[in-house]
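Breakdown of the fold
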Amino acid sequence: MLAVAVAVVLLAGSRSEADPLEIAGFRLDNGLEVVVISDHRAPVVTQMLWYRVGSADEEPGKSGLAHLVEHLMFRGVRTGEQVDASTLIKRIGGEENAFTSHDYTAYHQTVVSNRLDVIMQLEARRMAGLEVPAADLEIERKVVLEERFVRVANSDAARFREQVNAATWLAYPYRLPVIGWEHEIRALELDDVLEFHRRWYGPDNAVLVLAGDLTEARARELARRYYGAIPRRGIAPRSRVREPEQVVPRRLAMRSPQVGQPSWQRRYIAPGYATGLDDAHALEVLSVVLGGGTTGRLYRSLVVEQKLAVSAGCWYRGDALGPTTFGFYASPSPGVGLDVLEAAVEAEVNRLLAEGVTARERDTAVRRLRRSVILESDTVSGSARIIGAALVTGRSLEAIRSWPERVAAVTVDDIRRVAASVFRLERSVTGELRPSRP
Amino acid sequence: MKQRSFPRWQCLAVLVMLAWPSTAFALDIIPVTSPGGIRAWLVEDHRRPIITVMVRFPTGSVADPAGREGLVHLATGLFDEGAGDLASDAFRASLEEQSIALGFAARRESLTMSLMTLTETSDLAFKLAHLALSRPRFDPGPLERVRNQVIAGIRARRERPGTITWRTWWTSAFPGHPYSRPLRGTIDSLRRITRDDLLALAPDLLARDGVLVAAVGDITPDRLGSVLDDMLGDLAGSPVRVPVPEVAHARPGAVTVVDRDLAQSVIVFGHDGIGRDDPDWYAAVILFEVLAGGHGSRLRKELRETRGLTYSVSAGPVLFDHAALVTGRVSTGNSRAAETIAHIRAVWRDFAANGPTEQEVHDAKEYIKGSRALRLASSPGIARTLLGIQVAELGIDYLDRQPAMVDAVSMHDLRRVAARLFRERELAFVVVGRPSGVEATHHAPEGPPPG
């Protein structure tokens, strides 16, 4: 085991005399990175095991494999007991689940703190080996297909989002749906599953986040006891294809009898924390100025003042290993066409490009972002989620720790420069979703 | 397949762990009575500079006048859109620029205000909450804007499979009863609502009598007491009392199919249940856990884990002040809808005839007792728990007593209650999609009038 790398304080500078959120990080000899967030307010602890592999790391033609493996991880763990792991976790009053994204796969459980051993032992076992009977694969494939029906096939809005997403990227694998295309889910084989687990599920490709009522010393002891014996796999860092230069704006339109209220969106390719750390902080601040609730520019202008829309805003997600998107959305007031709405959003973007943001807007946005860190610390598992996702998408613990200061260092000039580089029509996709014609 | 072996001691460790008693945890709930006589429960915790307050009023959308459906829900969208001397712009800016989260949510028989603030902005937060509760403006500009937003939401949702299924379920379960009226209203009823309706409603709805309060975080009992008087002291005394008739499911056993061109059938099912004050309630809680409590539960095992018929299946009690149902939901490919329904029926029959097994009951009891602490790992989670205990009048020491109450339920009770509670022949089904092999016994009733 290595020595302590960092022991940091997220909430430094907060005016109240609250205990800070204590974060410690260390690494086991086998490469497993461990982060401990100590918070003793409730006698509860959360384990989140994050693997640096997601759907964007699948081989061509195997979309949905990362997610199918996630499902099968609940079937393929040996407990040494008569019952499976999920039953053991239920018996100790625990909750568990998992999620797969483009960039990562994470497994998590929450239990009362003196049962942490149980969930760590079980999680370590399914890292060490996955055994799936062929019959289980076929059942779980059906479950995943039903999940796809629920999430996508039964919702025209979701089908449209999937198509817009696929059109956003010319080559980058974020174009594929995390759950997979139906025909590719149907073709996945047991060997695909086992090979995927062997290739990616090793201690040297994972981050273990333990959050809640535990000390760093206990985390160290338990991590070494349960995960320490699993051999390093020698897993190489991920390499992904590069997104080529985009030179033509794209536009998709769909009509559906299921859609009762039209909606409009536009996404621009943008850097994230992994591909442009400083730009990402500026984009965070900008997203609050433009889309922060009912006082952001877009809502103020389109909804309150011009009354063209019932909703308007933007989104930005910086936690991505590859390039990401900065998106705008709006839904029209009765009788307003999507073309009018689009022109109104473009007018706001043009005003931003011409005039930038005011110092007061910047200051307010920065204050809101800094306060959001304190408010999010109310939920221990929420902090675990934020920190885990950041670590497996290319940020360091140091970068996460300094997030409030880096956000505070963003200037109005930074915002104007980043806006000019991101909001270029040739690197955008526009989507229009309307009700069927009567 | 390659075999992987584990050291024996790891297997032993699991056994040892399971033999440990669960953590004795205590939540120190302080009963607070303000100088003005308003009562609250407080969990005081100064380790984070955050204060959370939830205030629950005992009337909800059942107070909507006939023809003005959606009035209470609309009001919840307007309380924080301008109050006192602050018009909407200034009010919203005060909240958002100071990161104060103030929100209102209506249910059928309650309305809850939630407030979360940093300590440093809490004076302003309590002042704004007081204004929203006692002097909402309902200015014409925000009224039209929020009305259009609610209408847009209705339009956006009304043809979604889940919306159609639930709408059909409630209108066929409780036809003509306030519980089946659309909580958000209809496009027509929303258009009829005037500013005067809202001004007349507010004092009737937000009154002091029957109010329940939970507070968590960086605040002392003394300060909370004075805050409560400032925030709630000048509200009207008694809220409007809306007579709601007792009601039971109108069509036990009915199978209703709503035709839609969907890949998957969405199914809601259920029948009458028992209420929170029923002496068999704790037996029912254990039975619902065995029936549908996630992994390994009867429904999940039969439908998902062994047959892959669905991604998710749920079932549990749905409680009103004057009705109680057992209700479940599942979705499955159209070609497998009949098979899914047959398995749900079989689970019901077997449960009623044989009850749960000893092992199932052991696991369910351990889960219910062991997972209590998990709901208390955030300020809103604690506040919701405190409110829930007060609503059900369980007593301030309920969390301490609950394990013994769960343990006291015997196998004999559970078998008896299973036979009483799960009546396969009364199961009603609403199916939306193109299910093959499902024979409808009823036509779908008309939904709310289209706009």
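A brief report on the enclosed structure follows. (Residues numbered from 1 in each chain as written. Chains lettered and ligands numbered in written order. Predicted model: local features only at pLDDT ≥ 70, side-chain atom pairs only at ≥ 80, totals over all residues.)

1. Here we look at the overall build of chain A
So the rule is basically this: Put simply, DSSP marks the helices as runs of H or I at least four residues long and the strands as runs of E at least two long, and each gets a number from the N terminus on. Atoms counted for the radius of gyration: C-alpha only. Globule rule: 2.2 Å times the number of residues to the power 0.38. The exposure scheme places C-beta atoms from the backbone and then counts, for each residue, the other C-beta atoms within 10 Å of its own, assigning buried at 20 or more, exposed at 12 or fewer, and partly exposed in between. Distance between backbone-placed C-beta atoms decides contact: two residues are in contact if it is within 7 Å.
For chain A, the helix and strand inventory stands at 16 helices and 12 strands. Relative to its length of 438 residues, chain A is compact, with a C-alpha radius of gyration of 23 Å against a globular reference of 22 Å. Counting only C-alpha atoms and orienting by the principal axes, one finds that chain A spans roughly 65 × 55 × 40 Å. In chain A, which comprises 438 residues, the proportion classed as buried is 55%. Taking all contacts inside chain A whose residues are at least 6 apart in sequence as the whole, residues at least 24 apart take part in 78%.

2. Quick notes on unusual backbone geometry
All names here are of chain B. With a phi close to 55°, Ser-99 is a non-glycine residue in the positive phi region. Assignment of secondary structure puts Ser-99 in the loop between helix H3 (88-97) and strand S4 (101-106). Looking at Ser-99, the number of C-beta atoms within 10 Å reads 21, which means it is buried. For Glu-393, which is not a glycine, the phi torsion comes out positive at approximately 55°. When you line up the elements, Glu-393 lands in the loop between helix H14 (379-391) and helix H15 (398-407). Accessibility expressed as a C-beta count within 10 Å gives 9 for Glu-393, which makes it exposed.

3. Remarks on the pairing of strand S9 (residues 313-319) of chain B
All names here are of chain B. As a reminder, the rule being used: Strands were regarded as paired on the criterion that DSSP finds at least two bridges between them.
Pairing of S9 with strand S10 (residues 324-333) involves 7 bridges; the strand directions are antiparallel. Note on S10: the bridge partner recorded for Pro-317 is Val-326. Between S9 and S10, which follow one another and run antiparallel, lie 4 residues.

4. Regarding the packing of helix H10 (residues 281-292) of chain B against helix H16 (residues 411-421) of chain B
Residue and element names in this part refer to chain B. Here is the rule we go by: Lines fitted to the C-alpha atoms define the axes, with helices restricted to the stretch that makes contact. Angles between their N-to-C directions range from 0 to 180 degrees. An angle below 35 degrees is treated as roughly parallel, one above 145 as roughly antiparallel, one from 65 to 115 as roughly perpendicular, and anything else as oblique.
Direction vectors running N to C along H10 and H16 enclose 80°, while the axes themselves pass 9 Å from each other. On the basis of the axis angle, H10 is roughly perpendicular to H16. Two secondary-structure elements touch here, H10 through Ala-283, Ala-284, Ile-286 and Leu-287 and H16 through Asp-413, Leu-414, Val-417, Ala-418 and Leu-421.

5. A short note on the sheet that holds strand S3 (residues 50-57) of chain B
Residues and elements named next belong to chain B. With respect to topology, 6 strands assemble into an open sheet ordered S1-S2-S6-S3-S5-S4, the strand pairing being mixed. Every other strand in the sheet has two partners, leaving strand S1 (30-33) and S4 as the edge strands with one partner each. With strand direction ignored, the average angle separating the axes of adjacent strands in the sheet is 20°. Two elements, S3 and strand S5 (residues 111-118), share 8 bridges in a ladder whose sense is antiparallel. When the sheet's bridge partners are listed, Met-54 is paired in S5 with Ser-114. Helix H9 (residues 221-232) rests against S1, strand S2 (39-44) and strand S6 (212-217) of the sheet, and its axis sits at about 145° to S2.

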